[in-house]
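Below are the chains, spelled out letter by letter.
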Amino acid sequence: MEVKSMAIKQHLSPSSPGAKLTWVDYFPSSMRPYLYLARVHNPAGTLLLFYPCSWSVTMACYAHGTPMSTIFTYVGLFLTAAQVFHSAGCVINDMWDKDVDAAVPRTRTRPLASGDVSMFQAFIFVIPQLALGVWLLMQLNDYSLRLGLSSLGLVVLYPAMKRVTDWPQAILGLCFNWGALLGAASVVGAVDWSVYIPLYMGAICWTIVYDTAYARQDRDEDAKYGVRSTTILFGDQIRPILAIFSFILCSFVTYAGYCNGHGLPFFCGVALGGLHLARLLARTDFESKEDCDATLLSNGWFGFWVWAGAFADFVVKTQL
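Presented here is an overview of the structure given in this document.

### Brief notes about unusual backbone geometry
One non-glycine residue, Arg-39, lies in positive phi territory at about 60°. Relative to the helices and strands, Arg-39 is located in the loop between helix 2 (32-37) and helix 3 (44-64).

Rendered as structure tokens:
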């Protein structure tokens, strides 16, 4: 039975022997490399891209007293767009990093690095994803469409920044959290910069926190192959520095809520998110690859608590 189980596992995931099975492994072998390339098996990145959008949408609905259905309509749209754009971004990132990924143990089984997908096939694969993403943006008002399209250059350039600056996580934050601006624009056709610039800045700090912790597992390989990051820059001071960025994050989001006229439920949500980050930073063993890997999905709870606080505040204001 054990031999049979191992054979089934290798049949389901031939490109990643010994790897943990996911639902993707039950698809035909011709499809699996593309699904793994798009990271559809891992919800962490999609959720981290989605939550700033959901904050912004819900805060704009709170400020303008829209029907609750407006929140769910735009949250659903942005959740779909987050999946599409995250998948496209992963393909673009892997196209840039193919050679480095092939040399790093954690990433050498990725479809491009392992040779399961060619660069041409990846290019053909990403075109319809970007087209679908643009179509989703076209469902928004004209102002939001222009605002959304203006971020695509950052998405394409981000992977190159890992060779140019020690702060690629900040560049990632600039493009990954564009939804903190776009969400409000989609609801009201404009952006109240006094509210959403602080929200955007806080979200950028959040990206620095979670991506620095996540990238810690590749620190030695990144240094060896010339990949720059805040993980290397912060060195052994990673925990206190990320604690400072977490404090700045919570301060910016709190200030954004204050400027938007939010009540107690919103600030309770931010407080619960902050407590989760503090607990996560205190418990993470930054010398453990497993711990660093787990921080990415766990950070999603911060995003959830902030959104839950904003939504609860909306309900209190409009329904009670």
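There is more to say, and it comes next.
### Topic: the pattern of salt bridges
For side chains bearing opposite charge, pairing can occur when the charged atoms are close. Under the counting rule described, the total for this entry stands at 11 salt bridges. Of the charged contacts, one joins Asp-97 and Arg-163 as a salt bridge, the two residues approaching to 2.7 Å between their closest N and O atoms. Of this pair, Asp-97 sits in the loop between helix 4 (68-96) and helix 5 (98-103) while Arg-163 is found in the loop between helix 9 (152-161) and helix 10 (168-176), placing the two residues 66 residues apart along the sequence. Measuring nitrogen to oxygen at the nearest pair gives 2.4 Å for the salt bridge that ties Arg-106 to Asp-218. Highlighted residues: Arg-106 in the loop between helix 5 and helix 6 (111-114) and Asp-218 in the loop between helix 12 (193-215) and helix 13 (219-224), separated in sequence by 112 residues. On the accessibility criterion, Asp-218 (8% relative accessible area) is buried. When salt bridges that share partners are traced, they join Arg-39, Asp-94, Asp-101 and Arg-110 into one network.

### Thoughts on empty space enclosed by the protein
Here the structure, examined in full by the defined rule, presents 2 cavities of 30 Å³ or more. Here the largest cavity is characterised by a volume of approximately 40 Å³. Taken together, Val-209, Ala-213, Leu-277, Leu-280, Leu-281, Thr-284, Phe-286, Thr-295 and Asn-299 make up the full set of residues lining the largest cavity. Looking at the lining of the largest cavity, the elements that each hand over two or more residues are helix 12, helix 16 (264-283) and helix 17 (289-319). Residues belonging to the lining of the largest cavity are distributed by class as follows: 6 nonpolar, 3 polar and no charged. One number sums up the size of the second largest cavity: a volume of about 30 Å³. Along the walls of the second largest cavity sit Leu-77, Phe-78, Ala-81, Leu-136, Leu-137 and Leu-140, which together make up its complete lining. Taken together, the elements giving at least two residues each to the lining of the second largest cavity come down to helix 4 and helix 7 (119-137).

Here is what the cut-offs are and how they apply
Residues numbered from 1 in each chain as written. Predicted model: local features only at pLDDT ≥ 70, side-chain atom pairs only at ≥ 80, totals over all residues. Heavy atoms only, no water. Helix = DSSP H or I, 4+ residues; strand = E, 2+ residues; numbered from the N terminus. Salt bridge = Lys/Arg side-chain N within 4 Å of Asp/Glu carboxyl O. Buried < 20%, exposed > 50% of the residue type's maximum accessible area, 1.4 Å probe, protein only. 1 Å grid on protein atoms, 1.4 Å probe; cavity = no way out; pocket = protein on both sides within 12 Å on 5 of 7 lines; lining within 4 Å. Points joined across faces, edges and corners; volume = space filled by probe spheres on them. Nonpolar A, V, L, I, M, F, W, Y, C, P; charged D, E, K, R; others polar.

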